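Close look at the chain arrangement
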Amino acid sequence: RRYIQKENININKKSHCLPLYRQISKKSTDKKEQREDPQQLKEYSACIYEYLREIEEKNTPDYILLLSIQNEYYQTMRSIIIERLITLHNCYQKRLHQESLHLAINIFDRYASLVKISVQKIDLIGITSLFIACKFEEPRPPLISNFLLLSGNKYTKSELLKTEYNILSTLNFDILTVTPVTFLNYYLNHCSMDIKITWLSQYLLDTCSLDIEFCGFKSSIKAVSVLYLARYIGKVNEVWDNELRFHSGLKRNDFKKCLRIALKFIEKNKEKLKERPIYAKYNTSTYGYSAMGLNRMK
């Protein structure tokens, strides 16, 4: 400031306060160039999407097998455990990727389709699934002490590590999978979507993941179902337009069953969800108060 006063330099305070990258982008006249993210690899995105469609079914949980192994208690407790994972994921001091959450749900369901889970272990297996997912997805995964603290120190370090080994060995250390978040982001990046639709579709994806029937569908089907539902609730003029049809490569009949299950679950639990932590998470300015969007649903 002294240097500016000494040299009599006139400067617009408002522009001076802007970060450098915003000042540069403000001067740029090419709006298309500003929007495009080179990391999206748009030149190869169609080929990448086709490849993901080919491999997505490989690590999709077997819903029929899961029901045959687990008892009714598991079906009741599953939604509570998944919501607990969502809460832990949201409570961590550094924001975690959405892929970590849905990879954790995938690990939890795949393990449950192979091993019968006892009442005493179900919570620990859920927390450990998130711990494994974060180590796989996050550049700087949370420390084990953080997980133990977030879980209320109910478990010891040795218990969590032993459970981690059991899960990984049961899954043959094959963790890689394509989550619904990957496909949802692809649809959102390639189709013209309002930010409210983006947050609402993410809320619907997290909410529908509480339903055990929802877990058996492929990730691309889950993603297009919640996006279709979000556009319907958001009163988009043409819910299933040519752009979404082209980029998804799907027909309505391909995801009709999944959409019906998601819609049934949302309608049945619309009022109950208002009392749950997942509603509190998405009823904030960070997520554009997207949880309130269900109030407009008829």
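Residues numbered from 1 in each chain as written. Predicted model: local features only at pLDDT ≥ 70, side-chain atom pairs only at ≥ 80, totals over all residues. Heavy atoms only, no water.

Here we take up the overall build of the protein. Tallying secondary structure elements over the protein gives 17 helices and zero strands in all. Counting all 298 residues of the protein, 46% fall into the buried class. The contacts in the protein between residues at least 6 apart in sequence include a share of 78% that link residues at least 24 apart. Approximately 17400 Å² of the protein is accessible, and the part contributed by carbon and sulfur atoms is 52%. (Helix = DSSP H or I, 4+ residues; strand = E, 2+ residues; numbered from the N terminus. Buried < 20%, exposed > 50% of the residue type's maximum accessible area, 1.4 Å probe, protein only. Contact = heavy atoms within 4.5 Å. Areas by Shrake-Rupley, 256 points an atom, 1.4 Å probe, with all protein chains shown as cover.)

Bringing the nonpolar core into the picture now. One finds Tyr-74, Ile-107, Tyr-187, Tyr-203, Leu-204 and Leu-227 to be the most contacted residues of the largest nonpolar core, which totals 85 residues. With residues up to four places along the chain from it excluded, the contact list for Tyr-74 reads Leu-66, Phe-108, Asp-109, Ala-112, Ile-117, Ile-122 and Ile-212. (Core = buried A, V, L, I, M, F, W, Y, C linked by side-chain atoms within 4.5 Å.)

If you check helix α7 (residues 72-91), its first and last C-alpha atoms are 29 Å apart, about what 20 residues at 1.5 Å a residue would give, namely 28 Å. For α7, the full list of buried residues reads Tyr-74, Met-77, Arg-78, Ser-79, Ile-81, Ile-82, Glu-83, Leu-85, Ile-86, Leu-88 and His-89. Against the buried residues of α7 lie α6 (63-69), α8 (98-112), α9 (122-137), α10 (144-150), α13 (195-208) and α17 (277-282). (Expected span 1.5 Å × (residues − 1).)

Between two aromatic rings, the relevant description is the distance of the centres plus the angle of the planes. This model, assessed by the stated rule, comprises twelve aromatic pairs. Seen in terms of ring centroids, Tyr-186 and Tyr-187 are 6.1 Å apart; in terms of plane orientation they differ by 75°. Their pairing is edge-to-face. Each member of the pair Tyr-186 and Tyr-187 is classed as buried. When the ring of Tyr-203 is compared with that of Tyr-282, the centres are 5.1 Å apart and the planes differ by 55°; the resulting orientation is tilted. You can see Tyr-203 sitting in helix α13 and its partner Tyr-282 sitting in helix α17, a full 79 residues away along the chain. The two residues Tyr-203 and Tyr-282 agree in class, both being buried. Following the ring pairs from residue to residue traces out a cluster consisting of Tyr-49, Phe-183, Tyr-186 and Tyr-187. (Phe/Tyr/Trp six-rings, centres within 6.5 Å; stacked < 30°, edge-to-face > 60°.)

Taking 1.5 Å per residue as the helical rise, α8 with its 15 residues ought to reach 21 Å, and the 22 Å between its terminal C-alpha atoms agrees with that figure. Counting buried positions along α8 gives 14 out of 15 residues, so the element sits mostly inside the fold.

The backbone of Asn-172 shows a phi angle near 55°, a positive value even though the residue is not glycine. Looking at where Asn-172 falls in the secondary structure, it is placed in the loop between α11 (157-170) and α12 (180-190). You can call Asn-172 exposed: its relative accessible area is 64%. Positive phi, close to 55°, is recorded for Lys-235, a residue that is not glycine. By the element assignment, Lys-235 lies in the loop between α14 (219-233) and α15 (242-248).

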